[in-house]
Amino acid sequence: MPHVEMEKVEPLLEQYEPQRINLIPILQDVQETYRYLPQEVLRRISQKLRVPLTEVYQVATFYRCFSLVPRGKHVIQVCLGTACHVRGAPRVLDRILLDLKMAGPGTTNDLQFTVETVRCIGCCGLAPVARVDNKNTHPHLTQAKVGGLLKKYQDKAEASRTAKPDEASHAEA
Amino acid sequence: MLKLKSPHEVKELQLCLEASETTRPCISVCAGSGCCASGAENVLQALRRELEKRGLQGTIDVKSTGCHGFCEKGPVMIVWPEKVFYNGVSQSDAKDIVNSVTNGHKPVEKLLYKDPNTGQRVLHEHDVPFYARQQRILFGNNGKIDPKDIRDYIKVGGYSALGKVLTDFSREQVVEAVKRSGLRGRGGAGFPTGMKWEALRRSTVRPRYIVCNADEGDPGAFMDRSLLEGNPHSVIEGLIIGAYALEAEQAYVYVRAEYPLAVEHLHAAIEQARTAGLLGENILGSGMDFRIHLVQGAGAFVCGEETALLASIEGRVGEPHPRPPYPVQKGLWGKPTVINNVKTWASVPVIINKGADWYASIGTERSKGTMVFSLVGKINNTGLVEVPMGVTLREMIYEIGGGIPKEKKLKAIQIGGPSGGCIPASMIDLPIDYEALTQAGSMMGSGGMVVMDEDTCMVDVARYFMEFLEEESCGKCFPCREGTQRLKEILNRISRGKGEESDLDLLDDAGWMIKETSLCGLGQTAPNPVLSTLRYFRDEYLTHIREKRCPAKVCRELIVYQIDETICDGCHACVRVCASDAVLGEKDKPHKIDSGKCIKCGACLEVCQPKAVLVH
């Protein structure tokens, strides 16, 4: 586990009234700041909001958007909504996992990518789609486009190490 | 913007905005999530750069608006005042578009919509078949207004319904109008909104809360998102009118976190409404105080269920509880609470402005008004469609949707998300209303409509929904938690060719048991996709079981990929894309697939130009 910069927590907590209703918004901010929910931070939130740690943990593990382990630098959300499903999203997902040498959705060992599935981001007209880092939506994906998509977000050094040259050049076609 | 102090000042501002409207041409570009993914941001920038370069910023306006609905053809735009409709625009077209406006509005031919049936170019949005059959009373303003500018909403008559209510309506009269309009909850179950409001008014407990359910979790549905992105003030106005009628001082809007643009626009709209004196204390001098809080979901489908949603707002895990007590009796923090869907709230100002009787004149006997669908899947014109209740599926699919791509045959229409069911192509003349859909084994749901063609496997569809529901079941009650798992296991077995005929009875029995004994709406409707496909597509299940064959060629363990060597031209495209090095053969000579290595990902099929890849 990486070192947790606890000094970031207090200013974040200051923005909220210490009430239970703010538990989820606080966890969302923490998730965004640290890219996961560090145990030490959860303890601090529990103390500040006077909500038992077990309940903080319960909330943190119930909702999909929270993670108790660090997430990758880039989060790829592959949409598995119905429209994407019937237009071939499962195959695109498999290709992404295969290219990143992952057995299933999760985070790569080098913390570059987290691959997760979402149930519809509402871009059904452009199915199948994937969204990266919650802002860049990639429409009409095919397996052939996956290489190019990953390359775009890979660190330069990373890219030269992992991408197969012929595949990368073909992917943009 | 200055604070408005009375309904009269809203009216004056509207007149003033109308009067100040110039005849300046305006290019309004759809910047909804769909068009943005297709490059609308780049188009906007290119247009602005082009105008700046030619010093035309003061002569031609560029506006970024919410979703126009025709996502398939995005980015789309309308050039005012001629109302010329362009589709499939890219940034390189900016120059041509500006040229056309400066040269006496001669339209850019290549960007006009081309009717696939007649081959003719269509000039105006309302003549495009996709729009021509629609009645857009909720979405009509999306293409006209900048969602981030409250003045745009006021200019088209926004907040006038609120003014009318505050000056002419008693609280009871508002509830009466909603009741008389026949409006039913647009979130899925279709409970009459007026009755729900009346039930709340009977309670003497204070405070009361109102909630807007914008946790649009159904996969394949994005109407609520588009409305919040494109016209957030219409929802806010509905909430304020509701707050007046129900004497609530606070509202919570619960939005999915997966919709960042909707959150951004709604947040900005709430701020602007507050500055304008439409939220906060003493609204428009009426003495009424009202605040709206924006709450973001954290990714749990079950939170669309009202009791789970309330738990989530309170900062707890989103687990439902048994009803009664209903939220109107015991809701947020145990206080009476009315929860309505985004479109339900947005319908309220329309009902007030145009009259309950006008609203009730649209639709069928028991389903009034318009319904918004997201028409997606194997359909030519994907997008958002607003139609009067009672139109038939045939009109939706063939007239508005433009039919099925690649001359394929329609197989089924899945309506209502994971709680809904699949309606077979043979029932294409079914009218769309609450009762007809429920009778057919589906449901209105929030309005997701996924079209499926002959290449869609119904066993796979049932398996897909069951996988979804099993994952999203909160686990509180046994029938839903265990039942969805068992159904998924059986469906997995069948899709692998390992099912037995007795499995079908088991699916049926277990399905009905889950329906009847689950705690909340999620479990009570969870078996619908299985039961409806069993009802209409039993033969397809039987083919999987008896012949170990998937007629749609989808279920991976029942198909084999091969290359027809007489067609293959040896272009190597499949070799490059193959994930498992299973395609063998030299360039320019026919290839072969090593079935031992093939993982059946279908990538070769996707890229093969001469169509030499066959699936058996």
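Residues numbered from 1 in each chain as written. Chains lettered and ligands numbered in written order. Predicted model: local features only at pLDDT ≥ 70, side-chain atom pairs only at ≥ 80, totals over all residues.

Turning our eyes to something else, we now look at the overall build of chain B. The helix and strand tally for chain B stands at 25 helices and 19 strands. Principal-axis analysis of the C-alpha atoms places the extent of chain B at approximately 80 × 65 × 40 Å. A burial count over chain B gives 56% of its 616 residues as buried. At a minimum sequence separation of 6, the contacts of chain B that also span at least 24 residues come to 71%. (Helix = DSSP H or I, 4+ residues; strand = E, 2+ residues; numbered from the N terminus. Buried ≥ 20, exposed ≤ 12 C-beta atoms within 10 Å, placed from the backbone. Contact = placed C-beta atoms within 7 Å.)

The next thing to look at is the domain arrangement of chain B. Many structure descriptions define interface size as the accessible area lost when the parts assemble. All names here are of chain B. Here the domain parsing of chain B yields domain 1 (23-127), domain 2 (158-359), domain 3 (370-453), domain 4 (458-546) and domain 5 (560-615). The C-alpha-based centres of domain 3 and domain 4 are spaced at 22 Å. Facing the 12 residues of domain 3 at the interface are 14 residues of domain 4. For the side of domain 3 that touches domain 4, the secondary structure elements donating two or more residues are β13 (410-415) and β14 (421-424). Residue composition of the side of domain 3 that touches domain 4, grouped by class: six nonpolar, six polar and no charged. (Domains from an automatic or database assignment. Nonpolar A, V, L, I, M, F, W, Y, C, P; charged D, E, K, R; others polar.)

With that out of the way, let us pick up helix α16 (residues 393-400) of chain B. Residues and elements named next belong to chain B. When α16 is considered as a whole, its buried residues turn out to be Leu393, Met396, Ile397 and Ile400. Take α16 and look down its axis: the buried residues cluster within an arc of 125°, on one side only. If you follow the buried residues of α16, they end up packed against α5 (129-132), β11 (370-377), β12 (383-388), β13, β14 and β15 (448-453). A positive backbone phi angle near 70° is found at Gly402, which sits one or two residues after α16. (Arc of directions from axis to C-beta.)

Our focus in this paragraph is the interface of chain A and chain B. Listed as interface residues are 42 residues of chain A and, on the opposing side, 46 residues of chain B. For the side of chain A that touches chain B, the secondary structure elements donating two or more residues are α2 (23-34), α4 (53-62), α5 (82-86), α6 (89-99), α7 (143-153) and α9 (165-171) of chain A. Residues belonging to the side of chain A that touches chain B are distributed by class as follows: 21 nonpolar, 13 polar and eight charged.

Per-chain confidence: chain A averages 87 in pLDDT, with 88% of residues scoring 70 or above. Here residues 159-173 of chain A is a poorly scored stretch, pLDDT under 50, and it has 20 contacts once near neighbours within four places are set aside; other chains count. (pLDDT = per-residue confidence, 0-100.)

Moving on to the sheet that holds strand β7 (residues 209-214) of chain B. All names here are of chain B. If you walk across this open sheet you meet the four strands as β9-β8-β7-β10, and the pairing is parallel. The open sheet has two edge strands with one neighbour each: β9 (291-296) and β10 (337-341). Taken over all neighbouring pairs, the strand axes of this sheet differ in orientation by 20° on average, direction set aside. Two strands pair when backbone bridges link them, and β7 and β10 are joined in this way by five bridges, in the parallel orientation. By the bridge assignment for β10, Ile210 is matched with Val338. The strands that helix α12 (residues 260-275) touches are β8 (250-255) and β9; relative to β9, the one it contacts most, it runs at about 165°. (Pairing = 2+ DSSP bridges. Axes fitted to C-alpha atoms, helices over the stretch in contact; angles between N-to-C directions.)

A few words now on the packing of helix α3 (residues 39-49) of chain A against α4(A). All names here are of chain A. Where α3 meets α4, the closest approach of the two axes is 9 Å, and the angle between their N-to-C directions is 120°. Here α4 runs oblique to α3, going by the angle between their axes. Our pair here, α3 against α4, has a crossing hand that is right-handed. Residues Leu42, Arg43, Ile45 and Ser46 of α3 pack against Leu53, Val56, Tyr57 and Ala60 of α4. Residue composition of the contact of α3 with α4, by class: six nonpolar, one polar and one charged. (Parallel < 35°, antiparallel > 145°, perpendicular 65-115°, else oblique. Left-handed = near helix turned anticlockwise from the far one by under 90°.)

For the rest of this paragraph, the subject is α3(A). All names here are of chain A. Turning to α3, its buried residues are Val41, Ile45 and Leu49. What you see down the axis of α3 is that its buried residues fit within an arc of 55°, all on one side. Exposed positions of α3 whose direction lies more than 90 degrees from the buried face are Glu40 and Arg43. Those residues of α3 that are buried are in contact with α1 (9-14), α2 and α4. Following α3 by one or two positions, Arg50 has its phi on the positive side, about 55°.

Strand order across the open sheet formed by five strands is β2-β3-β1-β4-β5 (chain A), with mixed pairing between neighbours. Each having just a single partner strand, β2 (106-107) and β5 (136-138) of chain A make up the two edges of the open sheet.

What follows concerns unusual backbone geometry. In the segment running from A:Ala127 into A:Pro128, the intervening peptide bond is cis, with an omega of -5°. Inspection of the secondary structure puts A:Pro128 in the loop between β3 (113-118) and β4 (130-132). Backbone torsion omega between B:Arg323 and B:Pro324 reads -5°, so that peptide bond is classified as cis. Residue B:Lys83 is not a glycine yet carries a positive backbone phi of 60°. Secondary-structure assignment places B:Lys83 in the loop between β3 (77-80) and β4 (84-86).

This next bit is on the environment of B:Glu198. All names here are of chain B. Turning to its location among the elements, Glu198 is positioned in helix α9 (residues 193-202). Separated by 20 residues in sequence, Glu198 and Val178 place their C-alpha atoms 10.0 Å apart. Those residues in contact with Glu198 that sit more than four places away from it in its chain are Val175 and Lys179.

All names here are of chain B. Following the sequence through the fold, Glu9 ends up in helix α1 (residues 7-19). What makes Glu9 partly exposed here is the crowd of 17 C-beta atoms within 10 Å. Distance from Glu9 to Gly163, taken between C-alpha atoms, is 9.3 Å for residues 154 residues apart in sequence.

All names here are of chain B. Direction vectors running N to C along helix α11 (residues 232-246) and α12 enclose 55°, while the axes themselves pass 9 Å from each other. Taken as axis vectors, α11 and α12 run oblique relative to one another. Between α11 and α12 lies a crossing of right-handed hand. Across the interface between the two elements, Pro232, His233 and Ile236 from α11 touch His265, Leu266, Ala269, Ile270 and Ala273 from α12. Residues that form the contact of α11 with α12 fall into these classes: six nonpolar, two polar and no charged.

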